[in-house]
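In case you want the letters, here they are:
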Amino acid sequence: QVQLVESGGGLVQAGGSLRLSCAASGRTFSSYAMGWFRQAPGKEREFVLAWSRSEGQIDYADSVKGRFTISRDNAKNTVYLQMNSLKPEDTAVYYCAAKESTNYYIWRSANEYDYWGQGTQVTVSS
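The structure contained in this document is the topic of the report that follows. (Residues numbered from 1 in each chain as written. Predicted model: local features only at pLDDT ≥ 70, side-chain atom pairs only at ≥ 80, totals over all residues. Heavy atoms only, no water.)

**With respect to the sheet that holds strand β7 (residues 68–73)**
Logical step 1: Taken together, four strands build an open sheet; the order of strands is β1-β3-β8-β7 and the sheet is antiparallel. Both outer strands of the open sheet, β1 (2–7) and β7, are each paired with one neighbouring strand and no more. Between one strand axis and the next, the sheet turns by 20° as a mean value, whatever way the strands run.
Logical step 2: Two elements, strand β3 (residues 18–26) and strand β8 (residues 78–83), share six bridges in a ladder whose sense is antiparallel. Within the sheet, the bridge partner assigned to leucine 20 lies in β8 and is leucine 81. (Pairing = 2+ DSSP bridges. Helix = DSSP H or I, 4+ residues; strand = E, 2+ residues; numbered from the N terminus. Axes fitted to C-alpha atoms, helices over the stretch in contact; angles between N-to-C directions.)

**Remarks on the pairing of strand β11 (residues 120–125)**
Logical step 1: Burial along β11 is one-sided: the face carrying Thr120, Val122 and Val124 is buried and the face carrying Gln121, Thr123 and Ser125 is not.
Logical step 2: Pairing between strand β2 (residues 10–13) and β11: four bridges, direction parallel. Bridge pairing in β11 places leucine 11 opposite threonine 123.
Logical step 3: Looking at chain direction, strand β9 (residues 92–100) and β11 are connected through three bridges and run antiparallel. Following the sheet pairing, alanine 92 is matched in β11 by valine 122. (Buried < 20%, exposed > 50% of the residue type's maximum accessible area, 1.4 Å probe, protein only.)

In short, geometric facts, not functional conclusions.
This is the structure we're talking about:
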C-alpha cells in the first residue's frame, strides 16, 4: 500500500518550466512501476510518461518526449516530473500513479495502476 501526494502545479508562460513533485508514504518507489498522467477539461485521461521498478528506461508519450523527464530523491521518498518548454496544450491536471510490480514492465494504460494522487493543476498561458 502506498499513498501519493502531488504538488508543484501552477501558472507558467509558454516556453517556461515547471517541476512537479510526487511524495509517497508506505513502501519505497523501488517496489512499484510508476507513471504520470494528465487530464484536461472535456478530455480523456492521457498518458504522459512511465517507468518500471528500474529507472533505466522511461516510456514517453510522443507529445512530451524531449521536453519532460523524471528524477527522484530517495531520502525524501519523492519523485519529480521536470517539464520544460511548456506549451498551452500541456494545460491539465497532472496525476502521479503507482502499480505494485515484481517485474520490470512499463505500462501506458491508466487502468493498470493501483494508486493515484489527488492531482495538481498545471496551466500554461500563451
